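Read off the chains here:
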Amino acid sequence: MANERDNFSKTTIRILQERVAHRCSNPECRAPTSGPNSIDTKATRVGKAAHITAASEGGPRYGHNLNPEERKSINNAIWLCSNCHEKIDKDKLYYTADLLREWKKKAEEIAREELGRPIRELADQKINEEIEKKFASLEETLRNLKAGDKKTMDEALKAFREGNYSKTKELFLDIKKKENKESALTSYNLGVIAFLELDFKGALAHFLEAESLDPDNTLYINEAGNVYHSLGQYKRAIEYHEKALSSDLKTYGPEHPSVARDCNNLGLSLQAIGQHENAIEYLDKALTIFTKITGKNDAAVATLFNNLGLASYELGQYEKAKEHFEKANAINIIHLGEEHPLVASTWNNLGGAFYELGEYEKAIEHFEKANTINIVKLGEEHPLVASTWNNIGLAWLSLRQYEKAIDYFENALESNLKNYGSDHPVVATNWNNLGSAYSDLGEYEKAIKFYDKSLASDINTYGPGHPSVARDWNNLGGALLSLGNYNKAIDCGEKALELFETFLGKDHPNTKRIMGNLEYARKKIN
């Protein structure tokens, strides 16, 4: 009957969410759709299996050409968070079936790339650099501003230098009231204060207000784009950066610093949605402009080399990434000295490139340089320090220096337990890495204890069908196999195999490796 719904089966829903690693498929959202509940034995789930073309006649995007089986198949399904599920059905003209299929394809590609990938954090400098630029810009504005109440301005500058942003904000609001008219500049300054407080939504509201009051000022347009980027709304960020670029090209021509700024910001937002080749095209344009204007050793050039390195890294072009990071680092040292956090960031990024190139000793050298700076500046319990300890441990593990790897993994674990508690994915990764080190040492019983902890944590966080859970089952099965516990090894291997076939397909090397282990265990039993 026409009013009957062709609903998805439980199996289809389970596989659908597993294929995108339990994240919303909307590229502007990408929110996790499962996580811990306050009750230890439960998980909170906010994901929905949405129909690309409606489940019944009269629904959004209903496809008359589909039969009931096609309508309720996984090919007609997309995994979304609750908010995006509601949004796509309320605006069916914008959220077309083709757009949703594009979302689904991209989300699965990202999940496939991330599957089983160890955590090696590359530092994205965007927010740190924005904070530094905004701090310097606002201090300069406060120092030079002649109009208005001088006493209030002096108070605002003093409060700002003391880091009392709430007091600075109060004084700006007072200035705004006295102006007797809406001021785009004051709205912009309020946005800067909100950004420095990491109140990105508040900053966005002020920058949009500034743009509405002075719509031809591309500074305000660009700042709105930057905040959309910080909020993870990359499509909106791209719209604003393209708008700023178009305007600045008409006003200044193709070789102006504002055009370079727009190209850089547009490139970063394109990179965030996985369009790395397009990102590199715009970042290269920005680099060419800044190099002509400022010379090859300017701080802005260092930023662009780092951004190009990040894009090349994501493309698997590790030699190129290394070259870009080295140039960025050399310039940053000239301008900032050897102990600045941005220098630590590029040391860490260089370490990641050397790791991927198989140059593990060089990777360790660069990770250690980053950590020396971060420990002094941030303290030993900062998450960035734990992340770099984990990176160093992975490099020692690759060099078969298992005891050294274990020391670093334990340091990372201790820090992350303090910062996050025992039910966090980063902690599960630390446990898994410790399991791998003990397994390589031949201490399989110790390895199994850590793999068990990692498995329990990941199932609690993600549910049973996540790529990290597949990794845990596989590693646990391997340790059991080495102990000669073939029945349990087969049980773990079969669970891992089901997930790997789902995520990677039957012909992937990792899938075939599990098949080989299962065949070996079954022969041993027989």
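Residues numbered from 1 in each chain as written. Predicted model: local features only at pLDDT ≥ 70, side-chain atom pairs only at ≥ 80, totals over all residues. Heavy atoms only, no water.

## Observations concerning the pattern of salt bridges
Threshold: The term salt bridge refers to a pairing of a side-chain nitrogen on Lys or Arg with a carboxyl oxygen on Asp or Glu at a separation within 4 Å. Throughout, exposure labels follow a simple rule: accessible area from a 1.4 Å probe, protein chains only, divided by the maximum for the residue type, with under 20% read as buried, over 50% as exposed, and the rest as partly exposed.
Going through the model one piece at a time under the given rule, you end up with 24 salt bridges. When the shortest N-O distance is used, the salt bridge between glutamate 69 and lysine 72 registers 3.5 Å. Exposure remark for glutamate 69: the relative accessible area of 53% places this residue in the exposed category. The class of lysine 72 is partly exposed, set by a relative accessible area of 30%. Lysine 362 is the partner of glutamate 359 in a salt bridge, and the nearest nitrogen-oxygen pair spans 3.6 Å. Here the residues in one salt-bridge network are Arg14, Glu18 and Glu498, joined through shared partners.

## Quick word on the confidence of the model for the chain
In plain terms, the rule: The pLDDT value tells you how sure the predictor is about a given residue, anywhere from 0 up to 100. Strands are runs of DSSP state E lasting at least 2 residues, helices are runs of H or I lasting at least 4, and numbering of each runs from the N terminus.
Averaged over every residue, the pLDDT of the chain is 84; residues scoring 70 or more account for 87%. When pLDDT is averaged over each element of the chain, helix 11 (residues 234-252) comes out on top at 93 and helix 5 (residues 126-144) at the bottom at 58.

## Focus: the nonpolar core
Stated precisely, the cut-off is as follows: Take the buried Ala, Val, Leu, Ile, Met, Phe, Trp, Tyr and Cys residues and link them wherever side-chain atoms come within 4.5 Å; each set so joined is a nonpolar core. Here a residue-residue contact requires only that any non-hydrogen atoms of the pair lie within 4.5 Å.
Grouped together as the largest cluster of nonpolar side chains are 59 residues, with contacts concentrated most on Phe409, Leu434, Trp473 and Leu476. Here this core takes nine residues from helix 23 (residues 486-504), the largest share from any one element. Once residues within four sequence positions are removed from consideration, leucine 434 is found in contact with Ile406, Phe409, Glu410, Leu413 and Phe450.

## Comments concerning unusual backbone geometry
Trans is the common state for peptide bonds, and a negative phi is the common state for residues other than glycine. Even without glycine at this site, histidine 22 takes up a positive phi of about 60°. Position of histidine 22 relative to the elements: it lies in the loop between helix 1 (10-18) and strand 1 (34-36). Notably, arginine 400 is not glycine yet its phi reads approximately 65°, a positive angle. By the element assignment, arginine 400 lies in the loop between helix 18 (383-398) and helix 19 (402-420). For arginine 400, a relative accessible area of 64% gives the class exposed.

## Looking at the packing of aromatic side chains
Given two aromatic rings, one states the distance between the centres and the angle between the planes to describe the pair. Under the convention used in this document: Pairing of aromatic rings covers Phe, Tyr and the six-membered ring of Trp, with a centre-to-centre limit of 6.5 Å; geometry is then stacked below 30 degrees between planes, edge-to-face above 60, and tilted otherwise.
Applying the stated criterion across every chain, the model contains eight aromatic pairs. Note on tyrosine 94 and tyrosine 95: the rings are 4.8 Å apart at their centroids and 85° apart in plane angle, and the pair reads as edge-to-face. Look at tyrosine 94 and you get partly exposed, because its relative accessible area is 40%. Between tyrosine 188 and tyrosine 220 the ring centres are 5.5 Å apart and the planes differ by 40°, which places this aromatic pair in the tilted class. Remark: tyrosine 220 occurs in helix 10 (residues 218-230) and tyrosine 188 occurs in helix 8 (residues 184-196); sequence separation between them is 32 residues.

## Side note on empty space enclosed by the protein
What counts is decided by this rule: Here a cavity denotes grid points, spaced 1 Å and computed from the protein atoms alone, that fit a 1.4 Å probe unable to get out, and a pocket denotes an open set having protein on both sides within 12 Å along at least 5 of 7 lines; residues with an atom within 4 Å of a point are the lining. Grid points are joined across faces, edges and corners, and a volume is the space filled by probe spheres set on the points. Put simply, Ala, Val, Leu, Ile, Met, Phe, Trp, Tyr, Cys and Pro go in the nonpolar bin, Asp, Glu, Lys and Arg in the charged bin, and everything else, Gly too, in the polar bin.
Taken as a whole, this structure holds two cavities of 30 Å³ or more when the rule is applied. One number sums up the size of the largest cavity: a volume of about 80 Å³. Secondary-structure elements contributing two or more residues to the lining of the largest cavity are helix 22 (467-482), helix 23 and helix 24 (509-525). When its volume is computed, the second largest cavity comes out at roughly 40 Å³. Lining of the second largest cavity is provided by Arg19, Glu108, Ala111, Arg112, Thr502 and Phe503. Elements that contribute at least two residues to the lining of the second largest cavity include exactly helix 4 (97-114) and helix 23. In terms of residues, the lining of the second largest cavity owes the most to one element, helix 4, which gives three residues. Looking at the lining of the second largest cavity residue by residue, the class counts come to two nonpolar, one polar and three charged.

## Focus on the state of the cysteines
As used in these notes, a disulfide is a covalent bond between sulfur atoms, one from each of two cysteines. In plain terms, the rule: Pairs of cysteine sulfur atoms within 2.5 Å are what we label disulfides.
In this structure the tally under the stated criterion is zero disulfides. Lacking any disulfide linkage, cysteine 84 is separated from the closest cysteine sulfur, that of cysteine 81, by 3.6 Å. Exposure remark for cysteine 84: the relative accessible area of 4% places this residue in the buried category.

## Some points on helix 21 (residues 444-462)
Threshold: Multiplying one less than the number of residues by 1.5 Å gives the expected span of a helix.
Between the first and last C-alpha of helix 21 there are 26 Å, a value that for 19 residues agrees with the 27 Å anticipated at 1.5 Å per step. Along helix 21, the residues classified as buried are Ala447, Ile448, Phe450, Tyr451, Ser454, Leu455, Ser457, Asp458, Asn460, Thr461 and Tyr462. Packed against the buried residues of helix 21 are strand 1, strand 2 (43-45), helix 20 (425-440) and helix 22.

## Side note on the side chain of serine 468
With respect to the secondary-structure elements, serine 468 resides in helix 22. Serine 468 gets classed as buried once you look at its relative accessible area, which sits at 16%. For serine 468, the contacting residues outside a window of four places in its chain are Asp458 and Tyr462.

## Thoughts on helix 22
When the terminal C-alpha atoms of helix 22 are compared, their 23 Å separation across 16 residues agrees well with the 22 Å that a helix rising 1.5 Å per residue should span. Looking one or two places after helix 22, you find glycine 484, whose phi comes out positive at around 85°.

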